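One letter stands for each residue in the lines below.
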Amino acid sequence: MRSSWCLEVIARDDLQRCPHWQVAFANERKDHRYYELVEDTLHPEFEYRYFVLKDESGQISAVQPFFLLDLDLLVGASPRYHALINAARRMWPRLMRARTLMVGCVAGEGHLDGDKACNSTNVEVLATAIAGKARSLGAQLIVFKEFPARYRPALECLIGQGFTRIPSLPMTRLCIDYASFDDYMKRALNSATRRKLRKKFEATAGAPALEMSITNDATSIVTQVYPLYLQVFERSKLHFEKLTEKYFSDLGRRMGDKVRFFLWRQNGRIVAFATCMVHGDAIYAEYIGLDYKVALDLHLYHYVFRDLVSWAIANGYKWFRSSGLNYDPKLHLRHLLDPIDLYVRHTSAPINAVLKLILPALEPTRYDETLAKFRNYEELWTRPEKTGPKPGSTA
């Protein structure tokens, strides 16, 4: 660690008096406003704090958000062990649970703040001092949560400080540099997938028409769309954050320049919605909500995907990026995996030595059989390709 640099911990009130915060994460789709939104609307039981990194002159080099929570280390364990785990916890309720300092974002992947040229130096400061800060805050475990693989060079110094890198459930990316959705189907998908999609769309066309609309403020319809989000959330086997109505209503009000809410109505009733963000040449599908009274019959998942991609192509976007889970349809639609990493260490050296041995068995990707079928599956551990697939590639 550079001896003249310092690392401070501050809370939100102090952060508001920090000019640097107003430009923090300015080059990411989720800038400083998003972290404020998350703190205001999600998980009030978490303790939200911020690391401030200052250089030799006392100038702020970066602000790195983190939060404190009680983490279940066995959440990613194989389902075959759930009965054994539950039995053991009846005797030892705190078995494999730890007070955790988690660097990153509660809702979404983590990013490094500051000038890219300073990332390695900033991480070096964090890596050297973070264990002491964690102990002072009562945390035994430290996790850098879901940092995209492009940060691996900058985060490499964490390994030398006792951290272990393991893959988290990846996001996905899809090149949509095509003339239209039909062009994408023709050039990117195999004949079997094209045939199945056409049958789905024909079945949907035979039902009462679906009408799509777009808004950047969900306040007026949040009571209609939030139950649809919950239907999708409750069907998922793995959960981390559970969003709130206030999250959705505040998201557009605070970040309307980057947020788009897509709504699908049938006979005037909302039956599907998608919360997306736009940044650079990409559209990000963040969250989806479906009315399962009609979703399966109307093939709403694929219908929503078609409309989102069609809109994105028409508006000049080249990439469709999606959050994790639900990998099977994404595999057939020719998505690639977009790896995100966890860096984990215990503040106790002896316990950390044991943790390093068992973490590979706890990481969440090893039990999803679909992931291994993606053509860039090895990138969960190795550095991703620098260039994306070309339109029409079927490799």
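Check the entry above for the structure.
What comes next concerns the included structure. These numbers come from a predicted model, not from an experiment. (Residues numbered from 1 in each chain as written. Predicted model: local features only at pLDDT ≥ 70, side-chain atom pairs only at ≥ 80, totals over all residues. Heavy atoms only, no water.)

Next up on the list: the pairing of strand E4 (residues 97-103). With respect to burial, E4 is a largely interior element, six of its seven residues being buried. Bridge analysis of strand E3 (residues 60-72) against E4 gives seven bridges, and the strand direction is antiparallel. Pairing of Leu68 across the sheet is with Leu101, part of E4. Two elements, E4 and strand E5 (residues 141-148), share four bridges in a ladder whose sense is parallel. Residue pairing in the sheet places Val103 in a bridge with Phe144 of E5. (Buried < 20%, exposed > 50% of the residue type's maximum accessible area, 1.4 Å probe, protein only. Helix = DSSP H or I, 4+ residues; strand = E, 2+ residues; numbered from the N terminus. Pairing = 2+ DSSP bridges.)

This part takes up the nonpolar core. Among the nonpolar cores identified, the biggest contains 52 residues, and Trp21, Tyr34, Tyr229, Tyr247 and Phe248 are the most heavily contacted of them. Considering every element that reaches this core, the biggest residue donor is helix H9 (residues 222-235), with seven residues. The residues contacting Phe248, other than those within four sequence positions of it, are Ala218, Val222, Tyr226, Tyr229, Leu243, Phe261, Phe273 and Thr275. Counting residues in hydrophobic clusters, the runner-up holds 36 residues, among them Leu189, Val294, Leu300 and Tyr303. (Core = buried A, V, L, I, M, F, W, Y, C linked by side-chain atoms within 4.5 Å. Contact = heavy atoms within 4.5 Å.)

What follows is about the sheet that holds strand E1 (residues 6-10). Strand order in the open sheet made by the seven strands is E1-E2-E3-E4-E5-E14-E6, with mixed pairing throughout. What marks the edges here is a single partner per strand, and that holds for E1 and strand E6 (164-167). Neighbouring strand axes in the sheet, compared pairwise and without regard to direction, differ in orientation by 30° on average. Contacting E5, E6 and strand E14 (340-346), helix H13 (residues 349-362) runs over the sheet at an angle of about 150° to E14. (Axes fitted to C-alpha atoms, helices over the stretch in contact; angles between N-to-C directions.)

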